[in-house]
Amino acid sequence: MGSWSLVSAHWSVLIGHWRLVISRWSRLTSDFCLLLMLGLLFIIFGGFAIGCAISMVVQRNPLYSAISLIGVFVSLACLYVMLAAPFIAAVQVIVYAGAIMVLVIFVIMLLNVEEEEPRPQKLRFLVPVAVLLAAILIAEAAFILSSVQMSQDDPPVSSSSVGLTSSIGTGMFTKYLLPFEITSVLLLMAIVGAMSLARRSGLVGPETRVVPGSQVLPFSLVNPERIGDLSPVETDSTAEAARLMGLDQSTPSEEK
Amino acid sequence: MNPYIHSALLLVGITVAFLTIMLLCAFAVLAERRVLAFIQGRVGPNRVGYGGILQPFADFLKTMLKEDLVPDQSTRFVFMLAPIIAIVTAIMAIAVYPFGPTITIPFTDISIPLRIAQFDVALLYVLGVTSVGVYGLALAGWSSNNKYSLMGGLRSSAQMISYELALGLSLIGVILISGTLDLYQIVEQQSGWYGMQWNILYQPLGFIIYLISAIAETNRVPFDLPEAETELVAGFHTEYSSIKFLLFFNAEYINMITVSMLATTLFLGGWNGPGVATFPLLGVFYFFAKILFFLFLYIWLRGTLPRFRFDQLMNFGWKFLMPVAILNIILTSTIMFLTMD
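It should be emphasised that the depicted structure is a prediction, and the values quoted were computed from it without experimental measurement.

1. Some words on the overall build of chain A
Move 1: Tallying secondary structure elements over chain A gives 8 helices and 2 strands in all.
Move 2: Overall, chain A shows an N-to-C arrangement of helices and strands of α-α-α-α-α-α-β-α-β-α.
Move 3: A burial count over chain A gives 13% of its 256 residues as buried.
Move 4: Long-range pairs, those at least 24 residues apart, make up 38% of the contacts in chain A between residues at least 6 apart in sequence.

Right, here's the structure in full:
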C-alpha cells in the first residue's frame with residue numbers, strides 16, 4: 001500500500017512537472033507563431049493591396065480596373081481588422097466594396113465599355129508634375145516612417161478604442177455632431193445637384209412634351225450655329241430626323 | 001487553455017461546420033424537389049437510395065462529369081473568377097454564427113462556445129460579406145458575353161443593391177434592443193422566460209421586412225428575376241456548366257441557409273429552447289430545427305407564389321419596404337426612449 005502511494009505520488013509529481021514544461025513551451029511557441037502569423041498576414045494583405053492598386057492604374061479595360069479597386073478595398077479592410085478597428089473594416093467593405101463599386105460595375109456593364117485603344121497622349125506637361133508629386137509623397141512617407149521608428153516607447157495597446165463601434169457612435173453623435181450633419185447635408189446637395197444636372201443637360205428638356213413615335217432633338221444638333229441651344233425640335237420619323245441633321249445627303253434640308 | 005488544444009478544437013469546429021453546411025445544402029436541394037413535387041401532386045426523385053436520399057450525390061457526380069464549357073468570346077479570367085467569388089463569400093458568412101451555447105467537453109475542464117470566430121462586429125461582417133457576393137452574379141453575367149446572362153447580372157445587381165438597404169435597416173431595430181453587434185451576445189440576451197425574450201415578439205415589423213428582403217437577396221421565388229427561366233433561359237449562369245455551375249448552385253443554397261441562420265439568430269432566439277440550460281447540446285438541435293423551418297418556408301413560397309415583374313420589384317423595395325423599415329426604426333427608438341427608466 002505504502003509503496004503504491006509512493007509510486008503514484010512520484011508519478012503525479014512527474015506529470016505535473018511535464019505539464020508545466022509543456023504549457024510554458026507551448027505558450028512561448030504560440031506567441032512566436034502569433035507574431036509570425038501577424039507579420040505574414042500583413043505582408044500578404046499589404047502586398048495584395050499594392051498589387052491591386054498597380055493593376056487598377058495599369059489595366060486598359062475599365063472593368064478590370066474596377067475589380068482591382070475592389071481588391072484594394074477588401075485587403076485594406078483586412079489591414080483594419082489587424083489594427084483592431086473591426087467597425088471601420090466592416091464599413092469599408094459594406095460601403096465601398098459592397099455598394100459604391102457595385103454601382104460602378106453596374107454602369108460599366110450597362111455601357112459595355114470596350115477596351116480602350118492606346119491613343120496619343122495629350123497633356124504631356126503633366127508627366128513631370130506627376131513625377132514631382134510622387135517624389136513628394138514618397139519623401140513624406142519616408143519621413144513619417146523614420147520619425148515613427150525613432151520613438152522607442154510602444155503605444156499603449158489597451159487604450160486603443162478608436163475603431164470600436166461604441167466609441168465611433170458616441171463621438172459621431174456628441175463631439176463631432178456638427179461635422180457629421182454638415183457632411184450629410186453635403187451628400188444631399190450632391191444628390192440634388194446630380195439630379196438637376198441630369199435633367200437639364202439631357203436631350204430632353206424638363207418641359208418637353210414627348211409624343212410617342214416622334215423623336216425629340218435639341219436645336220444644337222440640327223443647327224451647328226446654335227450650339228448650346230437645347231430647346232427641342234420634334235420630328236415624326238427617323239428619316240426626317242436624319243434629314244434635319246444633314247445625315248441624308250440625297251435630300252438636302254432647308255434648315256441648313 | 002493550451003493554445004495548441006485551442007487551435008485543434010478550432011480546426012475540428014471549422015471542419016464540422018463546413019461539412020454540416022455542405023450536407024444541409026445537398027439535402028435542401030433534395031427536400032426542395034420532393035416538397036415541390038408534393039405540392040404539385042407529383043412524386044419527385046425517389047429512386048436513388050431509400051426515398052431518394054442519395055439523389056444529391058448522384059446529381060453531384062453527374063454534374064461534375066459534364067464537360068466544362070467556356071464560351072469562345074467570353075472574358076476568361078472573370079468567367080473563372082465569378083463562381084469563386086460567389087461560393088467564397090457564401091461560405092465566409094458561416095464563420096460568425098453561434099451554432100449552440102458554450103459546452104463543456106466531458107472528462108475535461110475545457111469549455112468552448114459553439115462558434116468558429118468571435119468577432120465584435122459579427123453582424124456587420126455578415127452584411128459586408130453578403131454584399132460582396134453580388135459581384136459573383138454580376139461578373140458572371142457580364143463575362144459570359146451573352147445577352148441573357150448580361151440581363152440576369154444587371155437584374156441581380158440592381159435587385160441586391162435595392163433590397164440590401166431594406167435588409168440592413170430592418171436589423172437596426174434588433175441592434176437597438178440588444179445594444180451589441182456580437183451575434184453570440186444577441187442570442188444570449190434572448191434566453192430565458194420560455195421564449196418570451198425572442199426578438200420577434202418585440203420586432204414583428206422588422207422580422208417581416210427582413211424575411212421579405214432576405215428572400216429577395218437570395219434571388220429566390222417570388223424575387224427570382226435574375227434567373228427567370230421563361231425570360232432569360234437561366235439568367236446569369238446560362239453559360240456555366242459542370243463544376244462552375246455547381247458552385248453557383250451551391251452558393252445560392254448556402255446563401256439561403258445563412259440568411260435563415262441570421263433570421264434564427266436575431267429574431268427567433270438562436271439556440272434557445274426548452275432544456276438547453278441542462279443539456280447544452282440540445283441547443284444545436286433547436287438551432288437547426290429553426291433553420292429547417294425557414295428552408296421549408298422558402299420551398300413553400302416557391303411552390304405557391306408567382307414571380308414579380310421587375311418594375312413591381314423595384315417599386316416594392318424602394319417605395320414600400322424602405323419607408324416601412326425606417327418607420328420601424330423610428331418606432332423602436334421612440335418606444336425605447338420612453339421606456340428607458
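2. Some details on the overall build of chain B
Move 1: Within chain B, the regular secondary structure consists of 13 helices and 2 strands.
Move 2: At 21 Å, chain B has a C-alpha radius of gyration in line with the 20 Å of a compact globule built from 341 residues.
Move 3: When its C-alpha atoms are laid out on the principal axes, chain B stretches across 65 × 50 × 45 Å.
Move 4: Residues classed as buried in chain B amount to 45% of the 341 residues present.
Move 5: Taking all contacts inside chain B whose residues are at least 6 apart in sequence as the whole, residues at least 24 apart take part in 76%.

3. Focus: the interface of chain A and chain B
Move 1: Each partner contributes to the interface: chain A provides 20 residues, whereas chain B provides 23 residues.
Move 2: When residues of the side of chain A that touches chain B are traced back to their parent elements, those giving at least two are helix H1 (2–58), helix H2 (62–82) and helix H3 (86–111) of chain A.
Move 3: Tallying contributions element by element places H3(A) first for the side of chain A that touches chain B, with 13 residues.

4. A look at the pairing of strand E1 (residues 100–104) of chain B
Residues and elements named next belong to chain B.
Move 1: For E1 and strand E2 (residues 111–114), the ladder comprises 4 bridges, and the chain directions are antiparallel. Across the sheet, the residue bridging to glycine 100 is leucine 114, located in E2.
Move 2: Counted between consecutive antiparallel strands, the loop separating E1 from E2 contains 6 residues, among which phenylalanine 107 sits at a positive phi close to 70°.

5. Considerations on unusual backbone geometry
All names here are of chain B.
Move 1: One non-glycine residue, asparagine 145, adopts positive backbone phi at about 60°.
Move 2: Structurally, the position occupied by asparagine 145 is in the loop between helix H5 (134–143) and helix H6 (147–178).
Move 3: The backbone of asparagine 219 sits at a positive phi, close to 55°, despite the residue not being glycine.

6. Details of the environment of Asn199(B)
All names here are of chain B.
Move 1: Locating asparagine 199 in the fold gives a position in helix H8 (residues 199–202).
Move 2: Here the alpha-carbon distance between asparagine 199 and phenylalanine 287, two residues 88 residues apart in the chain, equals 15 Å.
Move 3: What asparagine 199 contacts, discounting residues up to four positions off in sequence, is Val174, Ile177, Gln190, Leu266 and Phe267.

7. Considerations on the packing of helix H1 (residues 3–39) of chain B against helix H11 (residues 242–267) of chain B
Helix-helix packing: each pair is described by the crossing angle between the helix axes and the interaxial distance.
Residues and elements named next belong to chain B.
Move 1: Interhelical geometry of H1 versus H11 gives an angle of 105° and a closest axis separation of 9 Å. It follows from the interaxial angle that H1 and H11 lie roughly perpendicular. Contacts from Ile21, Leu24, Cys25, Ala28 and Val29 in H1 reach Asn250, Tyr253, Ile254 and Ile257 in H11.
Move 2: Here the residues of the contact of H1 with H11 are counted per class, giving 8 nonpolar, 1 polar and no charged.

8. Focus: the confidence of the model for chain B
Move 1: For chain B, the average pLDDT comes to 85, and 99% of its residues sit at 70 or higher.
Move 2: Reported confidences for the modelled complex are a pTM of 0.77 and an ipTM of 0.81.

Criteria and cut-off values
Residues numbered from 1 in each chain as written. Chains lettered and ligands numbered in written order. Predicted model: local features only at pLDDT ≥ 70, side-chain atom pairs only at ≥ 80, totals over all residues. Helix = DSSP H or I, 4+ residues; strand = E, 2+ residues; numbered from the N terminus. Buried ≥ 20, exposed ≤ 12 C-beta atoms within 10 Å, placed from the backbone. Contact = placed C-beta atoms within 7 Å. Rg over C-alpha atoms; globule rule 2.2 N^0.38 Å. Pairing = 2+ DSSP bridges. Axes fitted to C-alpha atoms, helices over the stretch in contact; angles between N-to-C directions. Parallel < 35°, antiparallel > 145°, perpendicular 65-115°, else oblique. Nonpolar A, V, L, I, M, F, W, Y, C, P; charged D, E, K, R; others polar. pLDDT = per-residue confidence, 0-100.

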